[in-house]
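An overview of the molecular structure
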Protein chains: 2
Amino acid sequence: MEYNVYASACPTRMIFDRLSDKWALLILDRLCPAPVRFNQLLREIDGISQKMLSQTLKNLERDGLINRQAFPTVPVTVEYSITPLGKTLASTVNVLIHWAQDHGDAVLAAQAAYDQRLAG
Amino acid sequence: MEYNVYASACPTRMIFDRLSDKWALLILDRLCPAPVRFNQLLREIDGISQKMLSQTLKNLERDGLINRQAFPTVPVTVEYSITPLGKTLASTVNVLIHWAQDHGDAVLAAQAAYDQRLAG
DNA sequence: CAGCATCCAAGATGATACTG
DNA sequence: CAGTATCATCTTGGATGCTG
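Residues numbered from 1 in each chain as written. Chains lettered and ligands numbered in written order. Predicted model: local features only at pLDDT ≥ 70, side-chain atom pairs only at ≥ 80, totals over all residues. Heavy atoms only, no water.

1. Some thoughts on the sheet that holds strand E2 (residues 66–71) of chain B
All names here are of chain B. With respect to topology, three strands assemble into an open sheet ordered E1-E3-E2, the strand pairing being antiparallel. Looking at which strands have only one partner, the edges of the open sheet turn out to be strand E1 (36–37) and E2. Looking at chain direction, E2 and strand E3 (residues 77–82) are connected through six bridges and run antiparallel. Bridge pairing in E3 places Arg 68 opposite Tyr 80. (Pairing = 2+ DSSP bridges. Helix = DSSP H or I, 4+ residues; strand = E, 2+ residues; numbered from the N terminus.)

Quick look at the structure:
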């Protein structure tokens, strides 16, 4: 069945909303090359709080996009890794990131021009 | 220069944050095939409020992703259309939307399984 | 029609402290 | 180490009314 993304009741839209989560895509991208531990993510993803990281990881796991594996060390070690499903999404996310890298300057210039028009 | 997306100071990250705006990508996608007027967007994009629509459109225009054109009719008519820069992004967004459509069921299933594990 | 200004409720998030 | 719990805050967004 074909859904209409612009309708809020559509399941695709529900998922699309989730995708626009501030941290989810960033984390997904970070897990893509290799599994990473909790505190390492916390250190590397600048600006995220422990609460948000924990929450976002839980959501991603629930969506089947990442795996959580705990090792019975003392103290416990937890590794997060990307699932096959997550990988299919991550490749798309990567395209988005590249877009941002490639066109960042153009956007910045547009913003400057816009602000200039308002001021002048 | 190569930026680190995981650092909050990076311009790419700033843009990436913007991309994860709840409505921006949806609107961009809607404008892709043809220009649309304000109230038409308001009607078609389910759940968005006038305030959010107005705000998001302004941001998109500032980023150089869409154009705003006012016609001197009475009452005034305003048409929003996508820019060449916006088009390059929209095509990527389209891939995201397709991903959501293609894998929506898989995500829903994963969620159900996750919830099941918790309950049982 | 296409907005902007104001007020207000709700949810998101940060800081801090605590636990297995 | 990898979280959870609680509280304070701060932003987000909806409702409403007004304007060119």
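2. With respect to the nonpolar core
The biggest cluster of nonpolar side chains holds 66 residues, and the ones touching the most others in it are Ile 27 and Trp 99 of chain A together with Ile 27 and Trp 99 of chain B. With residues up to four places along the chain from it excluded, the contact list for Ile 27 of chain A reads Ile 45, Ile 48, Leu 53, Thr 56, Leu 57 and Leu 60 of chain A. (Core = buried A, V, L, I, M, F, W, Y, C linked by side-chain atoms within 4.5 Å. Buried < 20%, exposed > 50% of the residue type's maximum accessible area, 1.4 Å probe, protein only. Contact = heavy atoms within 4.5 Å.)

3. Re the packing of aromatic side chains
For the structure shown, the criterion picks out zero aromatic pairs over all chains. In this structure, Arg 30 of chain A is placed above the aromatic ring of Tyr 6 of chain B, and the distance from its NZ or CZ to the ring centre is 6.0 Å. (Phe/Tyr/Trp six-rings, centres within 6.5 Å; stacked < 30°, edge-to-face > 60°. Lys NZ or Arg CZ within 6 Å of the ring centre and 35° of its normal.)

4. A look at the interface of chain B and chain A
At the junction of the two partners, chain B supplies 52 residues and chain A supplies 52 residues. Summing the contributions of chain B and of chain A, the shared interface buries around 4,800 Å²; its carbon and sulfur component is 67%. Across the contact surface, chain B and chain A share two salt bridges. Here Asp 115 of chain A ties to Arg 62 of chain B by a salt bridge, and the two come within 2.8 Å at their closest N and O atoms. Inspection of the region where chain B meets chain A yields 16 residue pairs in polar contact (both at pLDDT 80 or more). Of all elements in the fold, only helix H1 (11–19), helix H2 (24–31), helix H4 (50–62) and helix H5 (84–119) of chain B reach the threshold of two or more residues within the side of chain B that touches chain A. Ranked by residue count, the leading element in the side of chain B that touches chain A is H5 of chain B, at 20 residues. (Buried area = accessible area lost by both parts, 1.4 Å probe. Salt bridge = Lys/Arg side-chain N within 4 Å of Asp/Glu carboxyl O. Polar contact = N/O pair within 3.5 Å; in protein donor to acceptor, adjacent residues only side chain to side chain.)

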